[in-house]
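Each chain is listed here by its residues.
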Amino acid sequence: RSRITDGETVLLMIRDDDQGGAAPDLAPLTSDFDILNQSQSSRMQMINGRTSSWREWQVVLAPKRLGKLSVPALSVGNAKTPTLSLEVLAADQAAKSGAPQPVMLEVEATPESPYVQGKVVYTVRLLSQLPLRSPSLSDPASAGAIVERLGDERQYQASRNGANYRVIERRYAIFPQHSGALDIDGPVLNAQVPNPGNNGNRPRDRFFGGRDPFAGFDRLFGNDPLAGMGSVFDQTRPIRLRGRRVTLDVQPQPDGTPSPWIPAESLSLDETWSPNPPTFRVGEPVTRTIVMTAQGISSAQLPDLDPGGAAG
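### Digging into the sheet that holds strand β8 (residues 84-89)
Inference 1: Spatially, the 3 strands line up as an open sheet ordered β1-β8-β5, and their pairing is mixed. A strand with exactly one partner marks an edge of an open sheet, and here the two such strands are β1 (3-5) and β5 (67-71). Each strand of the sheet is rotated relative to its neighbour by a mean of 30°, with strand direction disregarded.
Inference 2: One ladder, built from 5 bridges, connects β5 with β8; its direction is antiparallel. From the neighbouring strand, V71 faces β8, where its bridge partner is L84.

Following this line, the structure appears as structure tokens:
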């Protein structure tokens, strides 16, 4: 394909009729693409008594950026592949074309202007219309903040632009450690999704000219001699989605506020005595328990308590 949406992958196929030639040099691809997978196979066919053979490489590429990209010419021995063009559209730009995206990542942060060391609730939603195989979703990351997971994942159904999705939601608590602009890198999803599998679009169909000599073999004998040769690419395709980067405007500690600085949503102190009410007798212990409860900060931000001394 020459046009894809952000998060989709493309399959680069290279065929070399020189069986003794070298493998292609894939290094030039790494400037604009991540190489997610690659495989190599040897093929042979006989037509009217004439035998031909070749080697084939299949390389799964994930673009690193949006816009118009160039798949550079690659060296295969003394030969070179042609240069190819690829356009990568942003998800919202592709959505304007009217086709809903089958897999999406949504992120949001509240509030976007927190106080330093205050709590920000960061929510990640994975929306999918497709079954995901071997999914892996990373956590958000920031060099200037503490990131903690909040509770368990939630699963529910939701609608976006008239399309229904299954949603997996994760929540995080993020505590900025300095004031000013703070970037939070979004999570990254890696997964396999079902391949549309259009007739004549499979690798072996293209190389057999749409006349696969083994078509129907599995129906007759329950076994396809080419099963496993490119089957990963025929049945599923990998995707990689990146959540958008969020930039927080972190406010400094206000002038005149006490130290230690506790930017909590709520703060309370409670005490209990054992026995209750306390009865003080010489030589008999009395236990006093003081509990500080704060919402909206991490436990590491709570100051040490000074219970004071006992008079007399």
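### Comments concerning the environment of L269
Inference 1: Relative to the elements of secondary structure, L269 occurs in strand β18 (residues 266-274).
Inference 2: Along the primary structure L269 and V291 are separated by 22 residues, whereas in three dimensions their C-alpha atoms are 5.7 Å apart.
Inference 3: Filtering out sequence-adjacent residues up to four positions away, L269 remains in contact with I290, V291, M292 and L305.

### Structural notes on the nonpolar core
Inference 1: Grouped together as the largest cluster of nonpolar side chains are 25 residues, with contacts concentrated most on V103, L105, Y122, V124, L189 and L248.
Inference 2: Contributions of two or more residues to this core are made by β9 (103-110), β10 (120-128), β13 (163-176), β14 (180-184), β15 (188-194), β16 (236-242) and β17 (246-250).
Inference 3: Apart from the residues within four sequence positions on either side, V124 is in contact with L105, E106, V107, L137, I168, E169, R170, Y172 and P187.
Inference 4: L29, V59, V71 and L86 belong to the second largest nonpolar core, which has 16 residues in total.

### Thoughts on the sheet that holds β15
Inference 1: Spatial strand order, β11-β15-β16: 3 strands in an open sheet with antiparallel pairing. Taken across any chain shown, the strands that pair with only one partner, and hence form the sheet edges, are β11 (133-137) and β16. The average angle at which neighbouring strand axes cross in this sheet is 20°, direction not considered.
Inference 2: Inspection of the sheet shows β15 paired to β16 by 7 bridges, in the antiparallel sense. Each residue of the ladder has a partner; that of P194, found in β16, is T236.

### Concerning the side chain of T81
Inference 1: The topology assignment puts T81 in the loop between β7 (79-80) and β8.
Inference 2: Among the polar contacts made by the side chain of T81, one reaches the main-chain amide nitrogen of L74 at a distance of 2.9 Å.

### Digging into the environment of A158
Inference 1: Mapping A158 onto the fold places it in strand β12 (residues 145-160).
Inference 2: Separated by 31 residues in sequence, A158 and L127 place their C-alpha atoms 8.2 Å apart.
Inference 3: Beyond its immediate chain neighbours, meaning those up to four positions away, A158 contacts A163, N164, Y165 and V167.

### Considering the packing of aromatic side chains
Inference 1: Scanning the model with the defined rule gives 2 aromatic pairs in all.
Inference 2: Ring centres 6.4 Å apart and planes at 70° place the aromatic pair Y122 and Y172 in the edge-to-face group. Of the two residues, Y122 sits in strand β10 while Y172 sits in strand β13, which places them 50 residues apart along the sequence.
Inference 3: A residue is classified by how much of its surface remains accessible, and Y122, at 0% relative accessible area, is buried.
Inference 4: By relative accessible area, Y172 is classed as buried at 2%.
Inference 5: Ring geometry for W273 versus F280: centroids 6.0 Å apart, planes at 85°, classification edge-to-face.

Definitions and cut-offs
- All chains use their own residue numbering, which begins from 1 and follows the written sequence.
- Local features in a predicted model are, by the rule used here, given only for residues with pLDDT of at least 70; side-chain atom pairs are given and counted only at 80 or more, and totals for whole chains, interfaces and linings are based on all residues.
- With hydrogens and water excluded, all non-hydrogen atoms of the structure serve as input to the side-chain values.
- A pair of strands is labelled paired if DSSP reports no fewer than 2 bridges between them.
- Helical segments are the DSSP runs of H or I of at least four residues, strand segments are the runs of E of at least two, and each set is numbered from the N terminus.
- Axis definition: a line fitted to C-alpha atoms, limited for helices to the stretch in contact. Angles are taken between N-to-C directions and run from 0 to 180 degrees.
- Note on contacts: a residue pair qualifies if any of its non-hydrogen atoms lie within 4.5 Å across the two residues.
- To define a nonpolar core, start from buried Ala, Val, Leu, Ile, Met, Phe, Trp, Tyr and Cys residues and group those joined through side-chain atoms within 4.5 Å.
- Think of it in three bands: residues with accessible area under 20% of the maximum for their type are buried, residues over 50% are exposed, and the middle band is partly exposed, with areas taken using a 1.4 Å probe on protein chains only.
- Polar contact is defined as a pair of N or O atoms within 3.5 Å, subject to the rule that within protein one atom must be able to donate a hydrogen and the other to accept it, and that residues adjacent in sequence are counted only when both atoms are side-chain atoms.
- A pair of aromatic rings is counted whenever rings of Phe, Tyr or Trp (Trp by its six-membered ring) have centres within 6.5 Å, and the orientation is called stacked for planes under 30 degrees apart, edge-to-face for over 60 and tilted otherwise.

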